[in-house]
Structures are given as structure tokens and as C-alpha cells.
Amino acid sequence: MWLRTFVAVAPIVFLVCVLDSSPSTSAISIDSINVWPKPRNMSWPHPLATRLSTRFLIVAPDHPYLAAAVFRYSRQVLNEHYHPLVPPVVNISTSSPPLKTLAISVADLASSLQHGVDESYILTIPNFGAVATLTAETVWGAMRGLETFSQLVWANPSLVPRGLYIWDSPLFGHRGLMLDTSRNYYAVEDIMRTIGAMSANKMNVFHWHITDSHSFPLLLPSEPDLAVKGSYGSSMQYSPDDVAKIVKFGLEHGVRVLPEIDSPGHTGSWAAAYPDIVACANMFWWPAGSDWSDRLASEPGTGHLNPLNPKTYHILKNVINDIVTLFPEPFYHGGADEIIPGCWKSDPDIQSFLSNNGTLSQLLEIFVKSTLPYIVSLNRTVVYWEDVLLDDNVKVDAAVLPPEHTILQTWNNGSKNTKLIVSSGYRTIVSSSEFYYLDCGHGDFLGNDSQYDQSSPRSRDKDNGGSWCGPFKTWQTIYNYDITYGLTEEEARLVLGGEVALWSEQADPTVLDQRIWPRTSAMAETLWSGNRDEKGMKRYAEATDRLNEWRYRMVGRGIRAEPLQPLWCIRNPGMCNTFA
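If you're wondering where the values come from, they're calculated on a predicted model, not measured in any experiment.

Engineer: For this particular structure, what's the right way to read the overall build of the protein?
Structural biologist: When helices and strands are counted, the protein shows 18 helices and 21 strands. A compact globule built from 580 residues should have a C-alpha radius of gyration of about 25 Å, and the protein, at 25 Å, falls within 12% of that. Overall, the protein is about 85 × 60 × 45 Å in size when its C-alpha atoms are taken along their principal axes. The proportion of buried residues among the 580 residues of the protein is 55%. In the protein, once contacts between residues fewer than 6 apart in sequence are set aside, the share between residues at least 24 apart is 78%. Within the structure as shown, the protein displays about 23,500 Å² of accessible surface, and the carbon and sulfur contribution to it stands at 53%.

Structure representation (C-alpha cells):
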């Protein structure tokens, strides 16, 4: 194969020439054209296809991030040569010329990548003629259309459908994935590969849970000791250049990078640099003989910032400033989850505060009042985990959390907590652990967990997979979840979207792709075009074959997604279904 690429500047034109000696194809089997996530409106009334010209062009307006996407997709559509697993029947048009050009038109080149940006597009491949058109309001919508076009190309030599029309737009503006890089470290290349796969699934938010009690891997210019002393080592840190590379890569793929610096809980790693501002650091998490309610943390790794120490805010404001400088994202995730009473109660200053009729909830309010307005002053909307408002023991009054500046991310009690949040007037991001936690069902990581010391496996709780949030969340569980269930129309408008979450107690780069894909693809489709057909029925049965195809295509693109079924099931459609 011989490859040559030419680039022109304005408009941007990418020309990729491929000479291939493979035999020509006059007819191919195909039931339908598989696009994941399924477009909102797709019409292909006559199953015709034509060749993709070996001198295929993508013509687009000049824009730095769109240019990168055009270059990437120009190469992909001519080099992928994906062969569908189940070939059906489509006629190859002999009366129309090969498709030579995809012409992109963008109405608004200035719109930045932020929540609510228009991601709609229209893709038209005519019955006759050599030019297909992709129109979008923004470059981010154009990127979504480019991904769709790339999935419409198959076979060797490359074929594309004729007479196809797609109008597409997401149902939810926030379609995210959270990755925890504190408990185990992921290289920059792992993060970028994940962002690339997210873009292919039309997801748009990489929620980066950067720090936690276990390590502080982010090297900040104003507070370098946090990483130098609090990371796992110099080879497991993210430099400002690393962050810039990841952010730029995200923009080139239409994916926002949303940073989370969790505080005041989950901050034990800060104590390596500043032990005087962290309560209960480096203590055993659950003292022998104590009740669960008297624990110092909910898992090994203790430490909470002390809201009564003025130095806490000096350090934290330096951290916030650096984060705002490094990340252009308009949202700042402040965490504020899992305040464990026993940790704060172990600190002498806090003991004195409590003995003078202070409460732990007042302590959290002091922290939020000292940090939220500062973050807002830097032109950021603050995202917190739901605990800050809904925790049973330590929470703030709603008056401390102005809804216009605050988003609450829910992870407990499924639709019940979603309802509590939106009925209180807050916007929410849904990450219900019952449906969207990808780490669940792999057991626990404690070294002496007695629940496994049983004479018979049947005597153990076999339904939770050995973990608090078990069982394992299958793709069907994820696909069938309706994140606005039980909400009024007005309340549903406050649901920004959803995020799956991969916490990393038992995950690292060796299992990253398998933990995430293709289960996350299931959420991607439901947040893009829903999980119901035109009659309002759940379409998970119909989605199985399509997701199998998409999983194989992702594997071909370098994503080591885990299998859903034996290949025999895919080659024998319907034979692996139940009778219903």
C-alpha cells in the first residue's frame, strides 16, 4: 500500500491516495449500516452503495481543532477497511461515480467546547454525484458527523452507502467518563487512548479525578511539593506539559477535560507536603474493636483537610488557581464527598470546636463558604458530589450552595437521589453506582477479608460480587437505565446528563480498556439517542448485534474492549437470544 497526504490551508483540504491490489467487489452482504451510537434520524430507503474514491477529499473551513479531526478521519476512512461480521445484501451502484469529496459546512466557528454547545449535524450522501455534505452549527457537531461518516465506510476497496440522510443531535449535553488516577497511575498515552475512544462513541466529557488520599500525581507550579512528596514517584506524575497535551488532545476530539481536586475529604496525600493541614493522616482506617460508625475512612487511606486552619485555604487557593490556569474547562469539580466524622473528630482543634457547640456540618459549611465563592470568582461553575447536600451525617444547608453556581453529581440511591437533587432546584450529573460504576463486582481489596473464608461459597453473599456496589454492571444494566426516571418534565431539564465511573482500587492500565469498553458504549448510545425504539419500547435486544459489531470495530481501532458473546452468536443472529 502506498500512502501520500497533501494539506492545503484555507479551506482545509486533506487528500489521501491509496493504491491497493485487492480484488474488486461487485456485491456485498449488509443488512444495515451500523453506526454507534444510533443516530436520532437515519434514512436509507434503497440499500445502494458505491466506491469511495482512492483520491478522497474532506473539505472543511479553517479551524485548528477541526483541522486535526479532518486529518485523522481522512486517514481512517481509507485505511480502516472494516469488514462487517455478518455480511447481508446491498447492491453496488454502477451508474454513479465513486464518492470523491465530503464537504463540511460550519455555521459558527467561534463556539467553544462547553456544556450546552450545539453538537447537531446533517450528513447527506446523494444517490448520484461525487460529493457528500456534512453541515453543522459548530465544529464540535462537525466532529460528531465525521465519526458517523467514518463508520459508514467499510470493505476493501472501501464502500459507502448511496442515498443516505442523517439528522443527528444528542439528547443530553453531558456524556462523560470519570477516571480515578490517584489510587493507581495511568500514563498520558492511556488517558489519550481513552479520550479517543470516548470521541468515537460521541462522548464529550473526560472527568479526571486526579487526586485522592492515596496519591497526588499532579505537579502544580505553585505547590510542587504536593506531587513531589505526595505522588507514587517522579515517574508517576503529570506535569503541566502533560496536562496541556491531554487538554489539546481532548479539544481535537471534541472532549472536555473536567478536573476534580477532591476536598476536604480524600486528601491524605496532601499530608506528605503539609501535615499540619490534614486531620487523621496516615492513621489506620478502621481501628480494631471500633464500630463502623467510628471509622476514620471508608477504605484504607485516611485524611481530611482541616477547615479551621487558615493555612488550608492558602494552599488550596494556590491549587485552585493552578487548576484554572491549566484547564480551560468552565466546570471545576471540588469533590466534597464522604466526610467521615471520625477523621475530623480525631483532630485536637476540631475537638475544641465541637466541644464549644460546633457541629461537623458547620465545619463543612466553613470550608464551602471559604472556597466556593473563590472558585466562582475565577469564572467557574462548581461541581460537587451529592454528599455535600444529602449526606446523612455531614452536609451543608442549601443556602450555602447557590443553584446558579452549583452542580451536584449523584452516585447513591439511583433515581431517588436524582429526584431529591433536581426537586431542590439543582442541576445534576447522574453517576448512580447501581448502574454506572464500572469497578463494581470484582471483590474487595482488603488483605484479610473474612467474608471469603467460608466452607461453602453459597454461605457468602453471592449477589454482590464481594464489593459494596456489586454486582458487576453488565452492559444491559447500563443500557436500560433511564436517568430521568420518575422526574417531571421541568425536573428532567435539570439533568445535564450522565457519567460512568472507573474507580481504580482494582484497576490500572492493564485492564483499563476492558473495564470501560464496550459497557461505556451502552451509556453513550442511551445519552445520545435514547434506549427506546420509535414505539417507546426498550431496544436492548436489537442493540446486541449492533454493539457486537461496534465492539469488533473498536478492537480494530486499537481499543481492547472485552467481548460480549462468542463469535458463533454473532455469526448466527438470533440463536443466542431467549424466547420472549
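Engineer: For this particular structure, what's the right way to read the UniProt feature "active site" (unreviewed entry) in the protein?
Structural biologist: UniProt marks E338 with the feature "active site" (unreviewed entry), using the numbering shown here. Mapping E338 onto the fold places it in the loop between β17 (331-335) and α7 (341-345). Excluding residues that lie within four positions of it along the chain, E338 makes contacts with H266, S298, H304, D387 and W411.

Engineer: Explanation requested: the side chain of R546 in the structure shown.
Structural biologist: On the secondary structure map, R546 appears in helix α17 (residues 540-556). Relative accessible area serves as the criterion here: at 11%, R546 is assigned to the buried category. At 2.6 Å, the side chain of R546 and the side chain of E542 are in polar contact. Every residue in contact with R546, bar those within four places of it in the chain, is listed here: N34, V35, W36, K38, Y479, E525 and R539.

Engineer: How do you make sense of empty space enclosed by the protein when you look at a structure like this?
Structural biologist: The gaps left among the atoms become clear once a water-sized probe is rolled over them. Across all of its chains, the model carries 3 cavities of 30 Å³ or more by this definition. Of the voids in this model, the largest cavity is the one considered here, and its volume is about 70 Å³. Around the largest cavity sit S263, L316, I320, Y332, G334, A336, F367, V368, T371, I375 and Y384, which together line it. Elements with a minimum of two residues in the lining of the largest cavity: α6 (310-326), β17 and α9 (360-377). In terms of residues, the lining of the largest cavity owes the most to one element, α9, which gives 4 residues. Residue classes in the lining of the largest cavity are distributed as 8 nonpolar, 3 polar and no charged. Taken as a whole, the second largest cavity spans an internal volume of roughly 40 Å³. Forming the walls of the second largest cavity are T544, D545, Q565, C569, P573, G574, M575, C576 and N577.

Engineer: Sorry if this is basic, but what is going on with the state of the cysteines here?
Structural biologist: By definition, a disulfide links the sulfur atoms of two cysteine residues through a covalent bond. This structure, assessed with the given rule, holds 3 disulfides. What pairs with C569 in a disulfide is C576, and their sulfur atoms sit 2.0 Å apart. Judged by the sign of its S-S torsion, about -75 degrees, the cystine formed by C569 and C576 is left-handed.

Engineer: Sorry if this is basic, but what is going on with the packing of α6 against α9 here?
Structural biologist: Relative orientation and spacing of two packed helices are given, respectively, by the angle between their axes and the distance between those axes. It is at 11 Å that the axes of α6 and α9 come closest, and there the two elements cross at 30 degrees. Judged on the interaxial angle alone, α9 and α6 are roughly parallel. The way α6 lies across α9 gives a crossing that is right-handed. Mapping the contact onto sequence places Y313, L316, K317, I320 and N321 in α6 and I366, F367, S370, T371, Y374 and I375 in α9. Considering only residue class, the contact of α6 with α9 consists of 7 nonpolar, 3 polar and 1 charged.

Engineer: Before we go on, may I ask you to explain helix α5 (residues 240-252) in this structure?
Structural biologist: Spacing of three or four residues puts side chains on the same side of an α-helix, whose turn is 3.6 residues. In this model, α5 (13 residues) spans 18 Å end to end at C-alpha, consistent with the 18 Å of a helix rising 1.5 Å per residue. For α5, the full list of buried residues reads V243, I246, V247, G250, L251 and E252. Contacts from the buried residues of α5 go to α1 (64-79), α2 (139-152), α3 (188-200), β13 (205-209), β14 (256-263) and α6. In the segment just after α5, G254 is the residue with positive phi, at about 70 degrees.

Engineer: Help me understand the confidence of the model for the protein, please; the structure alone is not making it clear to me.
Structural biologist: Parts of the model with low pLDDT should not have their predicted coordinates read in detail. With 92% of its residues at a pLDDT of 70 or more, the protein shows a mean pLDDT of 92. Across the protein, the element-wise mean pLDDT spans from 33 in strand β1 (residues 2-8) up to 99 in β13. Under a pLDDT of 50 for its full length, residues 1-31 has, in the predicted model, 96 contacts with residues more than four places off or in other chains.

Engineer: Sorry if this is basic, but what is going on with the nonpolar core here?
Structural biologist: For soluble globular proteins, the rule of thumb is that nonpolar side chains tend to be buried together. Counting residues in hydrophobic clusters, the biggest one holds 143 residues, and the most contacted among them are L102, I104, L146, F149, W208, W270 and V388. Top element by residues in this core is α6. It accounts for 8 residues. Excluding residues within four positions of it along the chain, W208 makes contact with L179, T181, I191, Y238, V243, I246, V257, L258, P259, E260 and F327. In this structure, W385, W411, C440 and C469 belong to the second largest nonpolar core, which totals 8 residues.

Engineer: Hey, could you run me through the sheet that holds strand β19 (residues 406-410) in this one?
Structural biologist: Strand pairing in a sheet relies on backbone hydrogen bonds. The paired strands run either parallel or antiparallel. Taken together, the 8 strands give a closed barrel; going around it, the order is β12-β13-β14-β17-β18-β19-β20-β21, and neighbouring strands pair in parallel fashion. Each neighbouring strand pair of the sheet contributes to a mean axis angle of 30 degrees, computed without reference to strand direction. Sheet topology note: the β17/strand β18 (residues 381-385) ladder contains 4 bridges and is parallel. Across the sheet, residue H333 finds its bridge partner in β18, namely V383. Docked against the sheet, helix α16 (residues 519-529) engages β12 (174-180) and β21 (495-502), running at close to 175 degrees with respect to β21.

Each value, and the rule that gives it
Residues numbered from 1 in each chain as written. Predicted model: local features only at pLDDT ≥ 70, side-chain atom pairs only at ≥ 80, totals over all residues. Heavy atoms only, no water. Helix = DSSP H or I, 4+ residues; strand = E, 2+ residues; numbered from the N terminus. Rg over C-alpha atoms; globule rule 2.2 N^0.38 Å. Buried < 20%, exposed > 50% of the residue type's maximum accessible area, 1.4 Å probe, protein only. Contact = heavy atoms within 4.5 Å. Areas by Shrake-Rupley, 256 points an atom, 1.4 Å probe, with all protein chains shown as cover. UniProt positions renumbered as here; feature names shortened; annotations may be inferred. Polar contact = N/O pair within 3.5 Å; in protein donor to acceptor, adjacent residues only side chain to side chain. 1 Å grid on protein atoms, 1.4 Å probe; cavity = no way out; pocket = protein on both sides within 12 Å on 5 of 7 lines; lining within 4 Å. Points joined across faces, edges and corners; volume = space filled by probe spheres on them. Nonpolar A, V, L, I, M, F, W, Y, C, P; charged D, E, K, R; others polar. Disulfide = S-S within 2.5 Å. Axes fitted to C-alpha atoms, helices over the stretch in contact; angles between N-to-C directions. Parallel < 35°, antiparallel > 145°, perpendicular 65-115°, else oblique. Left-handed = near helix turned anticlockwise from the far one by under 90°. Expected span 1.5 Å × (residues − 1). pLDDT = per-residue confidence, 0-100. Core = buried A, V, L, I, M, F, W, Y, C linked by side-chain atoms within 4.5 Å. Pairing = 2+ DSSP bridges.

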